[in-house]
Amino acid sequence: MTDRSQALFAEAQKYIVGGVNSPVRAFKAVGGRPLFIKGAEGSRIFDVDGREYVDYVCSWGPLILGHSHPSIVQALKETIEHGTSYGAPTELEIDLASMIVRAVPSIELVRLVNSGTEAVMSAIRLARAYTGRSKIIKFEGCYHGHADSLLVKAGSGATTLGIPDSPGVPHDLAKLTLTLPYNDLEEVERLLEREGEGIACVIVEPIAGNMGLIPPVEGFLAGLRSLTAKYSMVLIFDEVITGFRVAYGGAQQLYGLSPDLTCLGKIIGGGLPVGAYGGKKEIMELIAPTGPVYQAGTLSGNPLAMAAGIQTLKILAQKGIYEELEKKGQRLCAGIEKNIQETGSSLYLTRIGSMFCTFFQPGPLFNYQQVKGCDTGQYAQYFQHMLTQGIYLAPSQFETGFLSLAHSEGDIEKTITSNYKALKTLK
Ligand code: HOZ
C-alpha cells in the first residue's frame, strides 16, 4: 500500500534479520508491511511515502512530550557540541540520578544503564546476590525485556509471535523462573508457603503493559509487598513503562507502595537509549565498585541520553502535567466507549492516565490466560482500518497505546471518529 515503505522493507531484509531491529515492528501480527518512518513532530509521524499519522506508539512509551520536542532538541544540540561519550563520569549523570532519587522515594541509590532489559537483568542478579537464593517469581504475560531468565511466559513481542518461552534459554535457567497468574495473590501465597525460603525476588509490572494494558486488582500489589517482606525476598517493580508515565513517581506513587528495587527506562531517556535500576541503599551497595556484584557498560550514563532525560523530567515536574495527560486519556476513552455502545461492538477498553488498550474480547480481563483469548484477527483488521484513516496504533494486540502531551483535542477527535468508522465496518 505504501510503495517506498514496501521497497525499503524488501531491501532491509537483505541485511537485517526480518528487516527490523525489534520483532513487533515487522507487522507480522497485523499483516501488511511496516511503515518506514522519515520523521516525526509532536503527535505525528511521517512515513517515507509522504503520509502522516497520529502516533499512539510514541516509540513504545518514551515520548511523553511528543516527537522532536523543541527543548529536547535544543538540549541535545547543546550537549553534542561537547562530544558524544567519554567513558568517564559527568555532571549530567548526577543531575539525572538526583532527579530520579527525588522523584521516587524508594530509590535511595541508582545505577544508570542503556536499556530496560539491562536494568532488569542487573536487578535480578542483585536480588539473587542479596538473598543468596536462585529462584525468582514473575507473572504470566508480564514482559521484562529479553534477558534469559525473563523470557518465560513473556508478553509483548514474545506473545505476539507465539514464542513466550524462547528457544535458546537453557532449561536449567528457565526452571529457576517460577510463573504465576497476574492479579492472583492466593497463588503467590500458596507458592511461597511451599518454597518461599528459596526464592530471591518477585518481579512485577505494577501495571501490566505488555499483554495489552491490565491494571492490578485492588490489594494485589500491597499483598506482594507484605508477602515478599514476610519471606525476606526482594520486591522488584518493573516501571520501565510506568515510571514517570502514570505519575511523576510512577505506579508506586499512584498506589502508595515502596518496592525494594525499581527498574526504569523509556521516559528517563527522553527518546534516547537508557535504563536504570535503583532502590534500597543496603541492597544497591552490593554493586561494583562498592560491592562484589558486577555490572558495567561502555555507554552507561551517556551524555546525550542524560540531557534528553533531564529535560523531559524537568517538563514533567511542572504543575498540572499529569492532570492534563489524564484529561486527554479520559476524553479519548470516553469517545471510544461511546462508539462501543453505539456500534454494539464487543471491544473492551482499559486505561490508566495516558496509557490505554482496546481488547477484542468482552471484559473484564485480569490476566494472561484471559488476554490470550482475544480475537487477534479482529485486532489486525481494526489496526488496518485505523492505519488507513491516519491513526498509527501498536501493531499487536499485546501492547499498550500511549498518549503524549502533544496530542491535541483535534488528534483525539480524529481518533474517535476513525474508531467509530472502524468499529462500524468490523461489525
Ligand atoms: N517490546 C517493545 C514493546 N513493549 C517493542 C520495542 C520495539 O519494537 O521498539
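My aim in this report is to walk through the structure given alongside it, one point at a time. The model shown is predicted, which means the values in this text are computed figures rather than measured ones.

As paired elements, strand 1 (residues 37–41) and strand 2 (residues 44–47) share four bridges and run antiparallel to each other. Bridged to Ile37 within strand 2 is Asp47. The antiparallel hairpin formed by strand 1 and strand 2 contains two residues in its connecting segment, where Gly42 sits at a positive phi of about 60°.

Let us now look at the sheet that holds strand 14 (residues 401–402). Strand order in this open sheet of three strands is 11-12-14, and the pairing throughout is antiparallel. Of all the strands in the sheet, the pair left with one neighbour each is strand 11 (348–352) and strand 14. Here strand 12 (residues 355–359) pairs with strand 14 via two bridges, running antiparallel. For Phe356, the partnering residue across the bridge sits in strand 14 and is Gly401. Packed onto the sheet, helix 12 (residues 321–343) meets strand 11 and strand 12 and runs at close to 170° relative to strand 11.

Pairing is mixed in the open sheet, where four strands are placed in the order 1-2-3-13. Each edge of the sheet is formed by a strand with only one pairing partner; in this case those strands are strand 1 and strand 13 (391–392).

Here the focus is helix 3 (residues 91–103). Note that an α-helix has 3.6 residues per turn; residues three or four places apart therefore point the same way. With 13 residues, helix 3 extends 19 Å from end C-alpha to end C-alpha; this agrees with the ideal 18 Å at 1.5 Å per step. Along its buried surface, helix 3 packs onto strand 4 (109–113), strand 9 (261–265) and helix 11 (303–316).

Ranked by size, the top nonpolar core spans 41 residues in total, and within it Ile137, Phe139, Tyr182, Leu192, Val204, Ile214 and Leu224 carry the most contacts. Residue assignment for this core shows that the elements contributing at least two residues are strand 5 (135–139), strand 6 (177–180), helix 7 (185–195), strand 7 (199–204), helix 8 (220–230), strand 8 (234–238), strand 12 and helix 13 (368–371). With four residues, helix 8 is the single largest residue contributor to this core.

Every residue lining the ligand is accounted for by Ser22, Arg25, Trp60, Tyr143, Ser156, Asn210 and Glu399. A distance of 3.0 Å separates a nitrogen atom of the ligand from a polar atom in the side chain of Ser156. One of the side-chain N or O atoms of Asn210 is found 2.9 Å from a nitrogen atom in the ligand. Contact with the protein chains removes 86% of the 290 Å² of surface that the ligand exposes when unbound. Residues of the shell around the ligand, tallied by class, amount to two nonpolar, three polar and two charged.

Turning our attention to the pattern of salt bridges. Considering all chains together, one arrives at 14 salt bridges under this definition. As a salt-bridge pair, Glu409 and Arg331 come within 3.9 Å of each other at their nearest N and O atoms. With Glu409 in helix 15 (residues 409–426) and Arg331 in helix 12, this residue pair connects regions lying 78 residues apart in the sequence. Taking the shortest distance from any N to any O, the salt bridge between Lys338 and Glu342 comes out at 3.4 Å. One end of the pair, Lys338, and the other, Glu342, are both in helix 12, four residues apart, so they sit about a helical turn from each other. Bridged by salt links that share partners, the residues Arg44, Glu52 and Asp411 form one connected network.

The first and last C-alpha atoms of helix 1 (residues 3–15) sit 19 Å apart over 13 residues, in line with the 18 Å expected at 1.5 Å per residue. Buried within helix 1 we find Ser5, Phe9 and Ala12. Burial along helix 1 is one-sided: seen end-on, the buried residues are contained in an arc of 65°. Turned more than 90 degrees off the buried face of helix 1, the exposed positions are Asp3 and Lys14.

Conventions used here
- Residues numbered from 1 in each chain as written.
- Predicted model: local features only at pLDDT ≥ 70, side-chain atom pairs only at ≥ 80, totals over all residues.
- Heavy atoms only, no water.
- Pairing = 2+ DSSP bridges.
- Helix = DSSP H or I, 4+ residues; strand = E, 2+ residues; numbered from the N terminus.
- Contact = heavy atoms within 4.5 Å.
- Axes fitted to C-alpha atoms, helices over the stretch in contact; angles between N-to-C directions.
- Expected span 1.5 Å × (residues − 1).
- Core = buried A, V, L, I, M, F, W, Y, C linked by side-chain atoms within 4.5 Å.
- Buried < 20%, exposed > 50% of the residue type's maximum accessible area, 1.4 Å probe, protein only.
- Near = heavy atom within 4 Å.
- Polar contact = N/O pair within 3.5 Å; in protein donor to acceptor, adjacent residues only side chain to side chain.
- Areas by Shrake-Rupley, 256 points an atom, 1.4 Å probe, with all protein chains shown as cover.
- Nonpolar A, V, L, I, M, F, W, Y, C, P; charged D, E, K, R; others polar.
- Salt bridge = Lys/Arg side-chain N within 4 Å of Asp/Glu carboxyl O.
- Arc of directions from axis to C-beta.

Geometric values such as these leave the question of function open.
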